Every structure is written in C-alpha cells, then in structure tokens.
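# Observations on the three-dimensional arrangement
Letter by letter, the chains look like this.
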Amino acid sequence: MAGTVAARWQGESLAERYESSTATREPALVKWSIIAVSLTFFAVFLLLPLAAVFTEALRKGWDVYFAALAEPDALSAVRLTLLAAAIAVPLNLVFGVAAAWAIAKFQFRGKQLLITLIDLPFSVSPVIAGLIYVLIFGLQGWCGPWLQEHDIKVLFAVPGIVLATIFVTFPFVARELIPLMEAQGKEEEEAAIVLGASGWLTFWHVTLPNIKWGLIYGVILCNARAMGEFGAVSVVSGHIRGLTNTLPLHVEILYNEYQFAAAFAVASLLALLALLTLAVKTFVEWQASRHFED
Amino acid sequence: MERHFDGLSANGLIQTFLSSPPGTEVNVFCGIEDMSIQVNNINKRFGDFVALDDVSLDFPSGELTALLGPSGCGKTTLLRVIAGLEWADSGRVLLEGEDASATHVRERNVGFVFQHYALFRHMTVFENVAFGLRVKPRRERPSEAVIRRKVGDLLDLVQLGWLADRFPSQLSGGQRQRIALARALAVEPRVLLLDEPFGALDAKVRKELRRWLRRLHDELHITSIFVTHDQEEALEVSDRVVLMNHGKVEQIGTPQEVYEHPATPFVYGFLGAVNLFHGRVEGEHLAVGDARLQHGDAAQAVSGDAVGFARPHELEIVTDLSSDEGLEAIVARVLSFGATARIELYAENGIDEPLHYEVELPRARISELNLQPEQRVRLVPAKLKLFERKTA
C-alpha cells in the first residue's frame, strides 16, 4: 500500500503536488488573475502583431501576395539573405566550437578577454557594428583607398553584408556551448586520450556527441539572427534594389514606398521563418532534455 | 569454461589471463625484478602552491601501491604526472626503464581510472570498453570479431557482461567504476593508475569494490598505483603504502610497517586516532607536568622536549588514584557498542584548554571498571612513540 502511494507521488510532478494540496494551493482569484494578465500580455504583444502581419499581407488577396514574393527584387533579397546566412552560420559554427572548446577545456592567459570579446556584438548596437565596417572599408576609411585601387568592393556590396552578419551573429554558438562544455568538464576527453585516441578522434567521438544538442540549438538561434538582422546590414548595404537588399531591408523599402500589402507579404516570410525556428528549437530542447535524463 | 584467442597475434597480459583455465594463477612478471614505474626528482608548482616537492619513488612491478595523504598533498598530481595528463616542472618519469617524460599521454600506454568514472555518456557499455581498441591506428586495430570477443571477455572479467547494451547513466556507481576499469584494461596498459577510484561511492559499495579490486589485482598482477585519502582503504588493499604530505613523501612501507612503525608524527596521526602527550624525556620516562609516563622504548634516541604518541588501544585506565603511575584525567563519556568500548576523557592543567584523550578497551574490562562520568582516573600508556618536539 505504502509502495503504491510512493510510486504515485514519484510519478506526479512537483507542480501537480503543490496544486493538489490545500496547504500549498493559492486562492483561485490569485491564480486566475495571474493567468489572465500573462495571457492578455501574450495576446496583445505577440499574437496580435503576428496575426496583423498575415492579415495585412493577405488583405488584397493571394494573387497580390504571391506577386509580391515573385517580384525579381524580392527574389534577389531572398537569395542574398540565404547567401549571407549560408556563409555566416558555418563560419560562426566553426569559430564558436573552437572558442568554446578553448575556453571550457583549457586555462590560458587572456581567457577573460576572449570571453568579453565574444560578448561584444551583444553589447554593441548593431548600427555601431555596421559603422565599424564603414570606418574600415569606406572610401574615407583605413582600407578604402587601397581597396578602390584594386577594384575590390566590400562596402555597399555582398562582402560587407556578409561581414556585418558574421559580426552580429558571432556570440550565438560560443555562448550556447561554453556553459555546457564547462559543466561537462574534461575528464571524458582525458580518458579518451589516455586510451590512445588522437585529438581529432577525441573531438569527433567524445566531445562533439556530448555537445550535439547545444550546438544545434546555437546554430538555430544564429541562423534566425543572421536572416533577420537589420541594423548592421542596413548601414553597410547601401540599399541597392535587386543587389544589396536582404529581406528585412526589402520590407523597409516597400513599406516606405507605401506598398503595404507587398511589405507585409515579404515580412510574413520572416515571420514564418521565426515560427519554423521556434518549432525546431522546441524539438531540439525536447530532445536535449530527453538525452539529459537518460 | 574454455577461452580461445586463435585470431590474436599479440599475446598481452589480459589475453594471457583470460585464455588460461580458471584457477590457474598467471604471473607474467614472475621473476622480473625491475621497476615498472620510477619517478625522479619531480617538482610541480601551481602558481605559489607547491604540489610536488622533489619527489622520487620506485613502484615495483606487479605490485599494488597506494598513494595516501590528505587532500592537497600532491598525490593526484603525482598520478597525473605519471600518466602524462600533467607536466612536471622538472624531474623524470620512467616507465619500464625508459624515460617517458617527453612521451605524449596516448603513447605512454597507461590505464587511468578516474574518480568520477569519466565514461563516455553517449556510448553503450560495450562501446566504452571497445573505444581504446577502435581508436588504434589501422594497422594495429584488431578486427571487429576480435574486438567483440575481447570486450566480451573483459566484461565477464568485471562480471558485468549482462550490461553491455546499457548506457552509463543506467548503471549504479559501483558498476560504472567496474566498467571504467574494464575500459582501461582493454588497451593492455603497462601500468594501471586509479585516482580515488572509490571516492564517489557509498560506504558499503566501497568496501565490496575494495575487496574486488584486490582480488582482481591478485589475478592480473598488473603494476598499479591508486590514490586515496582513506587510510583504511590504503592499508586494506595495497601491497605498499606511500604516505604524502605537503608535496613530500613522508614514509614508504607495507601497510603493517607504516601502521606499526610510523616514521613521522604526521604518519602517526594520519593512520588512525592518536593521543598526544607533550613533555620532557627523562630516562625511561616522559615527564608530563607532575606525571611521569613510562615510554618503554630504550632504543629511542629522542631527548629533551618531546611528544609521545599512543593509539587509543595502547592506553590503560587505572581507577586507583593513589598510584603514582600515569596521568590524571577525568572521564567525559563512555561509548560502548561493538566488541570494544571507547572512553573519552579530558585533563585540565589550569593553563590551556582542557586536553582530550580517547581510550579503547574491551567490553569486559569496561564493566569491570564501571566508569562514571566526571570520575577521576589515571591514564597509563602501555607504550609511547616519541618524536622530538619541533620548536615553532
């Protein structure tokens, strides 16, 4: 009898136990007002704008919606956004893993400085991030004259956009991995090396499987930011239609030209991307927690 | 139960053991007198902290040696230096006579067992044990069939064959540590190094595993060093004990030697409960205040200020206060459970804090004495080990 009771209690979550006991249960009024406040907030500030995007996008019908997306400038913006993400995300993946590995598993001089530097893009306004590149590569900048002599275009061209995207998305993977790797310690790696595994095999067979879910999580966030970045990219892009506009910039241009339906149609693409990211993120979190419990 | 290793060219230690019929004792090192591990003049600092201070040690082949000491004494650092996981600032590590100081960890061919097991959490038990074989260079790597057989034999050796498909998180602490040991043995290491192998286990499992490790070592005779801060564990399991303190070796000897003839006050105090008597040596007596305690050791070349050490069982209680033997003390508590009883006493000399003593007596003797709290008695040491008092 006692055994079955214990089993039932173990099966229930802590929250359920609090709910079922009068000693710990809150009055219904408190409970419902807190739920009402948070649901209202969620509806007004998150659900309503999301709904607005799709309603506005479809206000003039599906034909206008698809026409706005099929327009050459829009397609070019999609391509550029995908390109920038396709370059920035893998680079930051490699960098993030390398930096997290170094910081979490080794002691060295300047480690704190490296951690601070990784966080820099989080603390600096994206506009400043863009301006840094203008200062370096602009005509009046440090490398501007030399670049012009050799006919290399960085600013107001694709390389500038990619650079700005890399800068802004720099911390995502590393920040996700550092606490995870620090918590895991380096004993497993040491065990592998004592058993004769090379550094590469150790990384591939021991470290990487252990950080797999954290890494995927970091990459998803990194990708979402790479595709959605506005400020830094806006500064270096030059807004040349069909050439240097990413999706967020294209939305702004359309909106400024009073093409509301088209602007919201393109914006709905970004909103869909956000929803997809959320879905994948939830799945990864669920997988990670399942593996953690194992 | 017969075991065959037809497919094997190399015939290493483990294989020799595994392929022999049960009951046969295999001693691969029989007759070889050399030292498997030697460390010469090892120094290691972490900033201002001296972890190892000119340590030189020889670990004979086939023996199980315990490195014993309080935390921070440098024992784990020494083990990691031998393994190659830590580099000494100066000094040499010799493995089977060859200088391994500059050899990379993965070429030293040592087995290392970690305190927290360090099993690969995403691999099954089988894959954990097979790891060392799978990562060998292609030309040395055994075939899949050989790996399967060898891992199976190792899992049988640690009596956990039925867990092959489980993940480490599904095992108990004791099982994990046995798997960690099987994994370390898979690569046929020259020496086996164990870093506080039972430190994370509860008392009962610890005792079982201790006995099991000793048995396993008696069968395999692989040169092993294990680090521990538990004196009982060290004395019970090892062939030899190396006592360390503050980065230095205090004493080396068999468990019996170090327990019965501690070389330094530190060793005496570390290896068990102890009573201290501060006084002056006067012939065959140690004068403690007004009391004169017979130290009973004429050969001891200690004179002047000295500290006498006695274990709780080396003290006798005399209730006759008119006797001039021993030191006056007051009974504080009598704890009688088990075969022997412990009596806690204190003495006041009017100057310092009261001094505390502990005496261990057989149950029969306790009922004979019928001691009451706050009763005045005299403490008579059967023998005293004298050390010179260091003037601070």
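These figures come from a predicted structure and were not determined experimentally.

This next bit is on the overall build of chain A. Secondary structure assignment for chain A yields 15 helices and zero strands. A compact globule built from 294 residues should have a C-alpha radius of gyration of about 19 Å, whereas chain A, at 25 Å, is more than 25% larger. Based on the C-alpha atoms only, the size of chain A along its principal axes is roughly 85 × 60 × 30 Å. Counting only contacts in chain A whose residues sit at least 6 apart along the sequence, the fraction spanning at least 24 positions is 70%. When the accessible surface of chain A is summed, it comes to about 16800 Å², and 71% of that surface belongs to carbon and sulfur atoms. Averaging the positions of the 18 positive and the 23 negative side-chain charges in chain A gives two centres separated by 3 Å.

Each partner contributes residues to the interface: chain B has 22 residues there, and chain A has 19 residues. For the chain B and chain A pair, buried surface summed over both sides reaches about 1900 Å², with 63% attributable to carbon and sulfur atoms. Applying the counting rule to chain B against chain A returns two salt bridges. With a closest N to O distance of 2.7 Å, Arg-121 of chain B and Glu-188 of chain A form a salt bridge. The interface formed by chain B and chain A holds five residue pairs in polar contact (both at pLDDT 80 or more) in total.

Given a rise of 1.5 Å per residue, 30 residues ought to cover 44 Å, yet the end C-alpha atoms of helix α12 (residues 199-228) of chain A are separated by just 37 Å, more than 12% below that figure. At Lys-212 of chain A, α12 of chain A is deflected by roughly 60 degrees, the largest bend along its length.

Turning our eyes to something else, we now look at the sheet that holds strand β1 (residues 35-46) of chain B. All names here are of chain B. Within the open sheet, the four strands sit side by side as β2-β1-β4-β5. Their pairing is antiparallel. On the outer flanks of this sheet lie β2 (49-60) and β5 (98-99), each paired with one strand and no other. Pairing between β1 and β2: eight bridges, direction antiparallel. Within the sheet, the bridge partner assigned to Arg-45 lies in β2 and is Val-50.

Once that is clear, we can look at the packing of helix α6 (residues 173-185) of chain B against helix α7 (residues 203-220) of chain B. Residue and element names in this part refer to chain B. Where α6 contacts α7, the two axes come as close as 11 Å, and the packing angle between them is 20 degrees. By the angle between their directions, the pair α6 and α7 is classed as roughly parallel. Viewed along their axes, α6 and α7 form a crossing whose handedness is right-handed. Along the contact surface, α6 presents Gly-174, Gln-177, Arg-178, Leu-181 and Leu-185, while α7 presents Val-205, Leu-209, Trp-212, Leu-213, Leu-216 and Leu-220.

Time to look at the pairing of strand β10 (residues 248-253) of chain B. Here strand β9 (residues 240-245) of chain B runs beside β10 of chain B; their pairing, made up of five bridges, is antiparallel. Bridge pairing in β10 of chain B links Asn-245 of chain B to Lys-248 of chain B.

Phi at Phe-156 of chain A is positive, roughly 55 degrees, even though this residue is not glycine. Looking at where Phe-156 of chain A falls in the secondary structure, it is placed in the loop between α8 (144-149) and α9 (158-169). On the basis of relative accessible area, Phe-156 of chain A is assigned to the partly exposed category, the value being 44%. Positive phi is not limited to glycine here, since Gln-159 of chain B has a value of about 60 degrees. Position of Gln-159 of chain B relative to the elements: it lies in the loop between α5 (144-157) and α6.

Okay, the environment of Tyr-18 of chain A next. Relative to the assigned elements, Tyr-18 of chain A resides in helix α2 (residues 14-20). Ignoring sequence-local partners within four residues, the contact set of Tyr-18 of chain A consists of Thr-24 and Arg-25 of chain A.

A separate point is the side chain of Glu-314 of chain B. Residues and elements named next belong to chain B. Locating Glu-314 in the fold gives a position in the loop between β14 (304-310) and β15 (315-318). Within the structure, the side chain of Glu-314 is placed 3.4 Å from the side chain of Tyr-268, a separation counted as a polar contact. Ignoring anything within four residues of it in the chain, the contact list for Glu-314 reads Tyr-268, Val-380, Pro-381, Ala-382 and Lys-383.

Our next topic: the pairing of β14 of chain B. Residue and element names in this part refer to chain B. Most of β14 sits out of view: six of its seven residues are buried. Bridge count for strand β11 (residues 275-282) against β14 is seven bridges, and the pairing is antiparallel. Paired with Asn-275 across the two strands is Ala-310, which belongs to β14. Sheet topology places β14 next to strand β20 (residues 385-388); four bridges connect them, and they run antiparallel. Opposite Gly-308, over in β20, you have Leu-386 as the bridge partner.

Here we take up the domain arrangement of chain A. Residues and elements named next belong to chain A. Taken as a whole, chain A is organised into domain 1 (1-57) and domain 2 (61-293). Spacing between the C-alpha centres of domain 1 and domain 2 amounts to 34 Å. Listed by partner, the interface residues are five residues for domain 1 and nine residues for domain 2. Taking both partners together, domain 1 and domain 2 bury about 610 Å²; carbon and sulfur atoms supply 82% of that area. The largest per-residue losses of area from domain 1 upon contact with domain 2 belong to Val-53, Phe-54 and Ala-57, which jointly make up 69% of the total buried on that side. Viewed at the interface, domain 2 and domain 1 are joined by zero salt bridges. Linking domain 1 with domain 2 are zero residue pairs in polar contact (both at pLDDT 80 or more), by the criterion used here. Among the residues forming the side of domain 1 that touches domain 2, the class breakdown is four nonpolar, no polar and one charged.

Residues and elements named next belong to chain B. The strand order across the open sheet formed by five strands is β15-β19-β16-β17-β18, and the pairing between neighbours is antiparallel. One side of each edge strand has no neighbouring strand; the edge strands of this open sheet are β15 and β18 (355-362). If you compare each strand with its neighbour and ignore which way they point, the axes differ by 45 degrees on average. Examined bridge by bridge, strand β16 (residues 327-336) and strand β19 (residues 376-381) share four bridges and lie antiparallel to one another. Its bridge partner lying in β19, Leu-327 is registered against Leu-379.

The rules we used
- Residues numbered from 1 in each chain as written.
- Chains lettered and ligands numbered in written order.
- Predicted model: local features only at pLDDT ≥ 70, side-chain atom pairs only at ≥ 80, totals over all residues.
- Heavy atoms only, no water.
- Helix = DSSP H or I, 4+ residues; strand = E, 2+ residues; numbered from the N terminus.
- Rg over C-alpha atoms; globule rule 2.2 N^0.38 Å.
- Contact = heavy atoms within 4.5 Å.
- Areas by Shrake-Rupley, 256 points an atom, 1.4 Å probe, with all protein chains shown as cover.
- Lys, Arg positive; Asp, Glu negative; His and termini not counted.
- Charge placed at Lys NZ, Arg CZ, Asp CG, Glu CD.
- Buried area = accessible area lost by both parts, 1.4 Å probe.
- Salt bridge = Lys/Arg side-chain N within 4 Å of Asp/Glu carboxyl O.
- Polar contact = N/O pair within 3.5 Å; in protein donor to acceptor, adjacent residues only side chain to side chain.
- Expected span 1.5 Å × (residues − 1).
- Bend = angle between axes of the 7 residues up to and from the residue.
- Pairing = 2+ DSSP bridges.
- Axes fitted to C-alpha atoms, helices over the stretch in contact; angles between N-to-C directions.
- Parallel < 35°, antiparallel > 145°, perpendicular 65-115°, else oblique.
- Left-handed = near helix turned anticlockwise from the far one by under 90°.
- Buried < 20%, exposed > 50% of the residue type's maximum accessible area, 1.4 Å probe, protein only.
- Domains from an automatic or database assignment.
- Nonpolar A, V, L, I, M, F, W, Y, C, P; charged D, E, K, R; others polar.

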